[in-house]
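A structural walkthrough
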Amino acid sequence: MGDAFGSGFEGMDPDRAMFHMSNLSKKFARKYTDDTDMTFALAESIIHCGRIDPENIAEQFSLRCDLTRGYAIGTIKAVQALRAGLKWDEVARIVFENGSFGNGAAMRVSPVGLFYHHDLDGVRQSTIKQASITHVHPLGQWGAVMQACSVALAVIQDPKQRFRKEQMVISLREILWGGPIEYIKALNKIEEMLNQGKKLQAREVAQSLGNGVEAHFSVPSACYIAITCSPDFCDAIRAAISLGGDTDTIAGMVGAIVGAHVGEKGLPLEWIEQLEDGLRGRSFAKSLADRLFEIWWETHQTSSG
Ligand code: R7I
Ligand code: MG
Ligand code: MG
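Keep in mind that what you see is a predicted model, and the values were worked out from it rather than measured. (Residues numbered from 1 in each chain as written. Chains lettered and ligands numbered in written order. Predicted model: local features only at pLDDT ≥ 70, side-chain atom pairs only at ≥ 80, totals over all residues.)

**Focus: the site of ligand 1**
Inspection of the region around ligand 1 gives 21 residues, with Ala72, Gly74, Ser100, Gly102 and Gly104 positioned closest. Those elements giving two or more residues to the shell around ligand 1 turn out to be helix H3 (34–49), helix H5 (73–83), helix H6 (104–107) and helix H15 (247–262). Looking at the shell around ligand 1 element by element, the count peaks at three residues for H5. Across the shell around ligand 1, the residue classes break down as six nonpolar, ten polar and five charged. (Near = placed C-beta within 6 Å. Helix = DSSP H or I, 4+ residues; strand = E, 2+ residues; numbered from the N terminus. Nonpolar A, V, L, I, M, F, W, Y, C, P; charged D, E, K, R; others polar.)

**Quick look at the nonpolar core**
Counting residues in each nonpolar core, the largest one holds 87 residues, and the members touching the most others are Cys149, Ala222, Ala226, Ala236, Ala240, Val254 and Ile257. Per-element accounting of this core gives the leading share, eleven residues, to helix H9 (residues 138–155). Sequence-distant contacts of isoleucine 257, that is, excluding residues within four places in its chain, are made with Ser150, Val151, Ala154, Ala222, Cys223 and Ala226. (Core = buried A, V, L, I, M, F, W, Y, C linked by C-beta atoms within 7 Å. Buried ≥ 20, exposed ≤ 12 C-beta atoms within 10 Å, placed from the backbone. Contact = placed C-beta atoms within 7 Å.)

**Considering unusual backbone geometry**
Peptide bonds are trans in most cases, and residues, glycine excluded, mostly fall at negative phi. The step from serine 230 to proline 231 runs through a cis peptide bond, and the omega angle for that step is 15°. Within the secondary structure, proline 231 is located in the loop between helix H13 (219–229) and helix H14 (233–241).

**Description of the packing of H14 against H15**
Geometrically, a packed helix pair is captured by the angle between its two axes and the distance between the axes. Following both chains from N to C, one finds H14 and H15 inclined at 160°, their axes separated by 8 Å at the closest point. Here H15 runs roughly antiparallel to H14, going by the angle between their axes. The two elements H14 and H15 cross, and the hand of that crossing is right-handed. Between H14 and H15, the contacting residues are Phe233, Ala236, Ile237, Ala240 and Ile241 on the first element and Thr247, Ile250, Ala251, Val254, Gly255, Val258, Gly259 and Val262 on the second. Residue composition of the contact of H14 with H15, grouped by class: ten nonpolar, three polar and no charged. (Axes fitted to C-alpha atoms, helices over the stretch in contact; angles between N-to-C directions. Parallel < 35°, antiparallel > 145°, perpendicular 65-115°, else oblique. Left-handed = near helix turned anticlockwise from the far one by under 90°.)

**Focus on helix H11 (residues 181–196)**
Relative to the 22 Å expected for 16 residues at 1.5 Å per residue, H11 spans 23 Å between its end C-alpha atoms, a close match to the ideal helical length. Where H11 is buried, its residues touch H9, helix H10 (165–176), helix H12 (202–209) and H13. Where H11 ends, the next residue or the one after it, glycine 197, has phi of about 75°, a positive value. (Expected span 1.5 Å × (residues − 1).)

**A look at helix H8 (residues 120–131)**
With twelve residues, H8 extends 16 Å from end C-alpha to end C-alpha; this agrees with the ideal 16 Å at 1.5 Å per step. Buried residues in H8 make contact with H3, helix H4 (54–64), H6, helix H7 (110–115), H9 and H10.

The following block contains the structure:
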């Protein structure tokens, strides 16, 4: 949802994004971009395999990704190479020789956070596996870990209770300790911003944590906005868009975290109705979410029984 609502604001600066915010109250069919397209493919793979299998995920990317939906160059080339017959572990360095630090592995990762929410270490390992197909740079991979763990930590919080912000930062810092220092520094900043106790202006958040296409300049911002705005889904999406920059992706990541906290009942019906439908539209998204939950439930029952 955040992707579809945020995509019309991509590349704006925070003031311009704020100026156009009234677009959100206009009603029209909202089309999603690569962020959601890849999330669907990843969810389909988890449903098919009952776990993270990079070979199958790569096959789903190759079969399902619609490269006309606003993909960036690193991922376009990786998917094209998969289609040309290269293996899942051969395509991540085609454009960037040290691997991409784009937010592409983070923007699609929510099904992993949902599916492994009971086991943060499992979230971390599975996230890195799914990231490796397109993103082998540690910043790209660990940005995805931060996003997936934020989703997992949100889903285990009681939607009727106050969001436990401080606890979330502490848990994220523990799990991100093994990764690049950029994410620890960002969490320290988030902690300071929370301690200040006042709501920061969009421009201040963008300056402090970023609003770019790079994983380390977008995932921390999404995390901060989600934890300060949850449980108000619309408020969270508006705050994400008001950062400007990579609005579809930041709003998509924010929506995934807040949505994991509030569940389907916390989502605005009038926004859902504007989402594109059709073969891989909103009804399809709903069926994937239901199926993912069923598979998690079956696996969980079997392993605990
Ligand atoms: O990560 P990726 O799939 O991009 C996701 C973004 C989201 O905003 C989507 O909504 C869509 O718009 O694209 O694709 P990549 O091409 O791997 O990374 C995104 C961008 O990050 C690249 O196109 C580069 O601009 C930048 N980037 C790098 N630049 C220099 N050196 C990523 N890695 C590098 C690098 O190593
Ligand atoms: Mg996009
Ligand atoms: Mg984007």
